[in-house]
Amino acid sequence: MKGKKLIFLSITLSVFVFLVACDPSEYEHNYENLMEHVTQVALIEYDNPAAKELFNQRNKVKPINVEKIVVVEILQEEQKSDFCKTFSESLFMKTWRHEDSPNGLCICLFFDNGNFELVSLEVEFSGIFDSEGNVVEFIGSGLLSKNFVDFFEALDKR
């Protein structure tokens, strides 16, 4: 009887360790880095109804068609510090389940090196792209649960 309990405990512990080890890793945005390198923040619309959900296929993320980016609103410069603070405190996960491209409203951070980061407010998607829309780094989760109404008036009207 003691042997069966030991085997059961070993199996249970192994399953627990396996499940914990499979959690997606976090992606952090550093406040000081954002303040130093972000030149502009915008609320944009990216019309892409063909976006598809992927599972464990981070290498299948599609480039962005920069001509489809429509700027809805530009963040006021005096709000940049507060925005970067809130953004850096937001949790981003390198998720297993995500879209292959964004669709709908996104926050777009433009960097001093010409790259930009798109973070969807409507689907699980965030990534960094070069000025031509090629994928530089795919992050994963979007900001589905974060409220940025305080920063963009257009969000308050929706």
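Here, the structure is the one placed above.
Residues numbered from 1 in each chain as written. Predicted model: local features only at pLDDT ≥ 70, side-chain atom pairs only at ≥ 80, totals over all residues. Heavy atoms only, no water.

**Here we look at the overall build of the protein**
Okay, so step 1: Scanning the protein for helices and strands turns up four helices and ten strands.
Okay, so step 2: Beginning at the N terminus, the succession of helices and strands in the protein can be written as α-β-α-β-β-β-α-β-β-β-β-β-β-α.
Okay, so step 3: The buried share of the protein, taken over its 158 residues, is 41%.
Okay, so step 4: Considering only contacts in the protein between residues 6 or more positions apart, those separated by 24 or more positions represent 69%.
Okay, so step 5: Within the structure as shown, the protein displays about 9600 Å² of accessible surface, and the carbon and sulfur contribution to it stands at 53%. (Helix = DSSP H or I, 4+ residues; strand = E, 2+ residues; numbered from the N terminus. Buried < 20%, exposed > 50% of the residue type's maximum accessible area, 1.4 Å probe, protein only. Contact = heavy atoms within 4.5 Å. Areas by Shrake-Rupley, 256 points an atom, 1.4 Å probe, with all protein chains shown as cover.)

**A word on the packing of aromatic side chains**
Okay, so step 1: Tallied over the entire structure, the rule returns six aromatic pairs.
Okay, so step 2: Here Phe-83 and Phe-87 contribute two aromatic rings whose centre-to-centre distance is 5.5 Å and whose plane-to-plane angle is 20 degrees, an arrangement assigned as stacked. With a gap of four residues between them, Phe-83 and Phe-87 both fall in helix H3 (residues 80-88), about one helical turn apart. Both residues of the pair, Phe-83 and Phe-87, belong to the buried class.
Okay, so step 3: An angle of 40 degrees between the planes, with centres 6.4 Å apart, marks the rings of Phe-110 and Phe-116 as tilted.
Okay, so step 4: With relative accessibility at 25%, the residue Phe-110 sits in the partly exposed group.
Okay, so step 5: Chaining the aromatic ring pairs together yields one cluster made of Phe-83, Phe-87, Phe-151 and Phe-152. (Phe/Tyr/Trp six-rings, centres within 6.5 Å; stacked < 30°, edge-to-face > 60°.)

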